[in-house]
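Observations on the model geometry
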Amino acid sequence: MGKLSNKVAVITGGNSGIGFATARLFANEGAKVLIVGRREGAVNEAVAALGPQATGLAGDVADLATHERVAAYVAERFGQADIYVANAGGIRIQPSSAVTATDYDAQFLANTRGIFFGVQKMAPLLRDGGAILLTSSIASRKVLDGHTVYAGSKAAIEAFARNWVLEFKDRRIRVNVLSPGPTDTPIIGKLGVAPEAQSQVEEQAARMIPFGRMGKAEELAQAALFLCSAEGQFITGVNLAVDGGITLT
Ligand SMILES: NC(=O)c1ccc[n+]([C@@H]2O[C@H](COP(=O)([O-])OP(=O)(O)OC[C@H]3O[C@@H](n4cnc5c(N)ncnc54)[C@H](OP(=O)(O)O)[C@@H]3O)[C@@H](O)[C@H]2O)c1
């Protein structure tokens, strides 16, 4: 018996990085996983790699129609779901002086609006006793160069989580937050820094982390499993940093 046998888990951003590692671990623990990502080709490739436990849907989490499609699919195929991992998100590192309205909107649309409406549409389909996990970032609490807009977009979802804990308590749905520190995923190539500067960014991040290295997507997935499985059944409203200690520096 896996830790998630007979469970249905929906994971946004499940085609890449932390979301993909989480989908793989959850599937290995017996869950049926539905991954949602923006790029259809990448979603299809991920589903093929995850195997028969997985299905996928492509769509932008900023678009409410995506969440309506996901909810309709879950209702038709599974009836209900047990776990909703709202993990999709993106970042652009830049000083506030350089932020355009487009940059600002892109981060708040994916990281904040995408989470809010994902939970709004999925919560009615979650079984009583289910789990919601939101992926934030240690950047919401720790000041990091060029992270101002991203930090704001992630801080908002931590406030959402605190409110949802009480909104969903009568259905015993637990709501927790996972805050990765710098983690080695494809997001490094999407930061808006020049490709030749990426290894420098990674080395700088590793130097700031007490453990001396970046996190691995699989390490974040293990924490997600703990929070979403029976092992975490009395845990709600926590914001778990998985960061090699960087928050303390
Ligand atoms: N890696 C880190 O150092 C780190 C640190 C702190 C927090 N985080 C957070 O962890 C989460 C996962 O990031 P990751 O590192 O695994 O990065 P990643 O490999 O780039 O994965 C991000 C995922 O989110 C999806 N996504 C982004 N915007 C979307 C949108 N508007 N609609 C639908 N899907 C969207 C991407 O889909 P496509 O690939 O199809 O675009 C991708 O599947 C994010 O919320 C990120 O902010 C990461």
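Here we summarise the structure given alongside this text. (Residues numbered from 1 in each chain as written. Predicted model: local features only at pLDDT ≥ 70, side-chain atom pairs only at ≥ 80, totals over all residues. Heavy atoms only, no water.)

A short note on helix α1 (residues 17-28)
Compared with the 16 Å implied by 1.5 Å per residue over 12 residues, the 17 Å span of α1 between its first and last C-alpha is a close match. Most of α1 is tucked away, with 10 of its 12 residues classed as buried. Residues G17, I18, G19, F20, A21, T22, A23, L25, F26 and A27 constitute the buried set of α1. Remark: G30 follows α1 within two positions and exhibits a positive phi of approximately 100 degrees. (Helix = DSSP H or I, 4+ residues; strand = E, 2+ residues; numbered from the N terminus. Expected span 1.5 Å × (residues − 1). Buried < 20%, exposed > 50% of the residue type's maximum accessible area, 1.4 Å probe, protein only.)

Remarks on the pairing of strand β6 (residues 174-180)
For β6, a buried count of seven out of seven residues is recorded, marking the element as mostly surrounded by other parts of the structure. Relative to β6, strand β5 (residues 126-135) is paired through five bridges, and the arrangement is parallel. Looking at the pairing, L133 lines up with N176 of β6. As defined by bridge partners, β6 adjoins strand β9 (residues 239-242) across four bridges and the pair is classed as parallel. Bridge assignment links P180 to a residue of β9, and that residue is V242. (Pairing = 2+ DSSP bridges.)

A few points about helix α7 (residues 217-228)
The first and last C-alpha atoms of α7 sit 16 Å apart over 12 residues, in line with the 16 Å expected at 1.5 Å per residue. Taken residue by residue, α7 has A217, L220, A221, A223, A224, L225, L227 and C228 as its buried positions.

Section: the packing of α1 against α7
Axis separation between α1 and α7 bottoms out at 8 Å; the angle between their running directions is 55 degrees. Taken together, α1 and α7 sit at an angle that is classed as oblique. Here α1 and α7 pass one another in a crossing that is right-handed. Contacts between α1 and α7 involve G17, I18, A21, T22, R24, L25 and F26 on the former and, on the latter, A217, E218, L220, A221, Q222, A224, L225 and C228. Of the residues belonging to the contact of α1 with α7, the class tally is 10 nonpolar, three polar and two charged. (Axes fitted to C-alpha atoms, helices over the stretch in contact; angles between N-to-C directions. Parallel < 35°, antiparallel > 145°, perpendicular 65-115°, else oblique. Left-handed = near helix turned anticlockwise from the far one by under 90°. Contact = heavy atoms within 4.5 Å. Nonpolar A, V, L, I, M, F, W, Y, C, P; charged D, E, K, R; others polar.)

A few points about the pattern of salt bridges
Tallying each qualifying case throughout the model produces eight salt bridges. Ionic pairing is found between K169 and D170, a salt bridge with its closest N-O pair at 3.0 Å. (Salt bridge = Lys/Arg side-chain N within 4 Å of Asp/Glu carboxyl O.)

Comments concerning the pairing of strand β1 (residues 8-12)
Burial analysis of β1 places five of its five residues in the buried class, the great majority of the element. Neither face of β1 is left uncovered, since the one carrying V8, V10 and T12 and the one carrying A9 and I11 both have all their residues buried. Here β1 pairs with strand β2 (residues 32-37) via five bridges, running parallel. In the sheet register, A9 faces β2, and the bridge partner there is V33. A crossover links β1 with its parallel partner β2, the connecting element being α1, and its sense is right-handed. Of the pairings in the sheet, the one linking β1 to strand β4 (residues 81-86) comprises three bridges and is parallel in character. The partner of V10 across the bridge, within β4, is Y84. (Right-handed = clockwise from strand over helix to strand, strands pointing away.)

Observations regarding the nonpolar core
Ranked by size, the top nonpolar core spans 31 residues in total, and within it F26 and V33 carry the most contacts. Secondary structure elements with two or more residues in this core: β1, α1, β2, α2 (40-50), β4, β5 and α7. Here the element with the most residues in this core is α7; it accounts for eight residues. Setting aside residues no more than four positions away along its own chain, F26 makes contact with L4, A9, I11, A31, V33, I83, V85, A221, A224, L225 and C228. Residues L57, I115, I132 and V165 belong to the second largest nonpolar core, which totals 28 residues. (Core = buried A, V, L, I, M, F, W, Y, C linked by side-chain atoms within 4.5 Å.)

Comments concerning the sheet that holds β1
If you walk across this open sheet you meet the seven strands as β3-β2-β1-β4-β5-β6-β9, and the pairing is parallel. Of all the strands in the sheet, the pair left with one neighbour each is β3 (54-58) and β9. Averaged over all pairs of adjacent strands, the angle between their axes in this sheet comes to 20 degrees, without regard to strand direction. Contacting β1, β2, β4 and β6, α1 crosses the sheet at an angle of about 170 degrees to β1.

Here's the deal with the site of the ligand
Near the ligand you find 27 residues, and of these S16, R39, Y150, T185 and K190 are the closest. Between the ligand and D60 there is a distance of 2.8 Å, counted from a nitrogen atom to a side-chain nitrogen or oxygen. Contacts to the ligand include K190, whose side-chain N or O atom sits 2.6 Å from an oxygen atom. Across the complex, the protein chains shield 96% of the 890 Å² of accessible surface that the ligand would expose by itself. For the shell around the ligand, the secondary-structure elements that each account for two or more residues are α1 and α5 (148-167). (Near = heavy atom within 4 Å. Polar contact = N/O pair within 3.5 Å; in protein donor to acceptor, adjacent residues only side chain to side chain. Areas by Shrake-Rupley, 256 points an atom, 1.4 Å probe, with all protein chains shown as cover.)

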